[in-house]
Amino acid sequence: MVKFGDFQPLCTNTPSYPWCNLFYRQVGHWVSANPLSAPVGINPVCGIPRVGQEGSIGNVANIAACGVSIFFTVFLIFMCNRRKAAVGSTALVALTAIHVGSVVALFWSLLANAIVATQVVEDGTLASLVPFYIFTVITLGVGIYISLDIGLGVTTTIGGVSSPPQSLKSIALFVLTSIWPAVCAILYFLIMTYIVLHILNETRPMWYYVLAACLFVLSQLAWFLLGRVICKGSNSKVDGSFVATILESASVGVLYLAWKSITEESWDDEYYPS
């Protein structure tokens, strides 16, 4: 029976699921392939061989999508800064840990921006920036520490071996990578819905937030439901991860449009008086 926090179904059935990299130490001899050459996952039903293995060029579609996404994100950061708003396995484990920490910190940043948008503290002041940066560093550190503990077994409190090992159980990792992002995303959507519809009394920006939410949900569905289908259909050349990356990037782009829409200069003084 699959229990809360068991990653075995995800690591077997979801191609390229990155958090599986943290469980190679736990399962040891149970895996059917060398972790240095096997595709991401623990005995995955379908997985893309890593670069250089069996003539593979790796998960090239997702690599390309991630590359485009990085440039797209840099472009959005540049546009945001221009606008003034009123409101080895061991190496693989280390990189995955940084990935986990970044995800945890990213969703805290999303939630924090929604909180600041309520004007509970004035945007851009030390009262808003100091807590934001402090908790960003804390969430990043917590994510990295817990991931390294699981992947390297520094302690038995968090990084203890699952019982049985095949279950790949880690409640802490499941909370960090699944529960926490979902809670932050839902709270962000609810807070921004309140701000847009109740405070600003506008509907146009709300459609951007709805579209962003739909794109994000579709990206997760593509990751978990289409991954194995695409992987098998392409003979282990690509999987659903590149579709998820594209949809997630599109969701971020739509969030930028929503943010731009609610920070129009004509609304500043009327809705956020000093």
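Residues numbered from 1 in each chain as written. Predicted model: local features only at pLDDT ≥ 70, side-chain atom pairs only at ≥ 80, totals over all residues. Heavy atoms only, no water.

Where an unreviewed UniProt entry is consulted, the protein appears under the name Chitin synthase III catalytic subunit-domain-containing protein, with the organism given as Gymnopilus junonius.

Turning to helix α5 (residues 126–152), a few remarks are in order. A turn of α-helix holds 3.6 residues, and therefore any two residues three or four places apart point the same way. The end-to-end C-alpha separation of α5 is 38 Å, in line with the 39 Å expected for 27 residues at 1.5 Å each. Among the residues making up α5, those that are buried are Ser128, Thr136, Thr139, Gly143, Ile146, Ser147, Asp149, Ile150 and Gly151. Lining the buried residues of α5 we find α2 (24–27), α4 (89–117) and α6 (171–199). A positive backbone phi angle near 70° is found at glycine 153, which sits one or two residues after α5. (Helix = DSSP H or I, 4+ residues; strand = E, 2+ residues; numbered from the N terminus. Expected span 1.5 Å × (residues − 1). Buried < 20%, exposed > 50% of the residue type's maximum accessible area, 1.4 Å probe, protein only. Contact = heavy atoms within 4.5 Å.)

This part covers the UniProt feature "transmembrane region" (unreviewed entry) in the protein. Listed under "transmembrane region" (unreviewed entry) in the UniProt record, and renumbered for this structure, are residues 60–79, 91–112, 132–159, 171–200, 206–226 and 238–259. For residues 206–226, the helix share is 100%, the strand share is 0%, and the end-to-end C-alpha distance is 29 Å. (UniProt positions renumbered as here; feature names shortened; annotations may be inferred.)

So, on to unusual backbone geometry. The phi torsion of most residues other than glycine is negative, and most of the peptide bonds are trans. The phi torsion at glutamine 119 lies on the positive side, around 65°, for a residue other than glycine. What makes glutamine 119 partly exposed here is its relative accessible area of 24%. For asparagine 235, which is not a glycine, the phi torsion comes out positive at approximately 55°. Among the structural elements, asparagine 235 can be located in the loop between α7 (204–233) and α8 (241–262).

As for its position among the elements, threonine 245 is in helix α8. There is a polar contact of 2.6 Å between the side chain of threonine 245 and the side chain of asparagine 62. Contacts of threonine 245, omitting those with residues within four sequence positions, involve Asn62, Ala65, Cys66 and Ser69. (Polar contact = N/O pair within 3.5 Å; in protein donor to acceptor, adjacent residues only side chain to side chain.)

Glancing now at the packing of aromatic side chains. Counting across every chain of the model gives 11 aromatic pairs. A ring pair is formed by phenylalanine 7 and phenylalanine 174, whose centres lie 6.0 Å apart and whose planes are at 80°; its orientation type is edge-to-face. Aromatic pair tyrosine 17 and tryptophan 223: ring centres 6.4 Å apart, planes at 65°, arrangement edge-to-face. Residues tyrosine 17 and tryptophan 223 agree in their burial class; the two are buried. (Phe/Tyr/Trp six-rings, centres within 6.5 Å; stacked < 30°, edge-to-face > 60°.)

A separate point is the environment of valine 252. Relative to the helices and strands, valine 252 is located in helix α8. Judged by its relative accessible area of 41%, valine 252 is partly exposed. For valine 252 and alanine 212, which are 40 residues apart along the polypeptide, the C-alpha to C-alpha distance reads 7.1 Å.

Along the chain, serine 241 turns up in helix α8. Residue serine 241 is classed as buried on the basis of its relative accessible area of 2%. A polar contact of 3.0 Å, which involves the side chain of serine 241, links it to the side chain of asparagine 59. Discounting chain neighbours no more than four positions away, the residues touching serine 241 are Ser16, Asn59, Asn62 and Trp223.

Here we come to the environment of cysteine 80. Following the sequence through the fold, cysteine 80 ends up in helix α3 (residues 60–82). Leaving out residues up to four positions away in the same chain, cysteine 80 has contacts with Tyr256 and Trp259.

Glancing now at the state of the cysteines. If you walk through the whole model with that rule in mind, you get two disulfides. The residue that forms a disulfide with cysteine 11 is cysteine 20, at a sulfur-sulfur distance of 2.2 Å. Where cysteine 11 bonds to cysteine 20 through sulfur, the torsion about that S-S bond is close to -105°, and the disulfide is left-handed. Residue classification places cysteine 11 among the buried residues on the basis of a relative accessible area of 0%. Residue classification places cysteine 20 among the buried residues on the basis of a relative accessible area of 0%. (Disulfide = S-S within 2.5 Å.)

Here we come to the environment of valine 154. Considering the arrangement of structural elements, one finds valine 154 in the loop between α5 and α6. Judged by relative accessible area, valine 154 falls into the exposed class, the value being 60%. Non-local contacts of valine 154, meaning those with residues more than four positions away in its chain, are made with Leu148 and Asp149.

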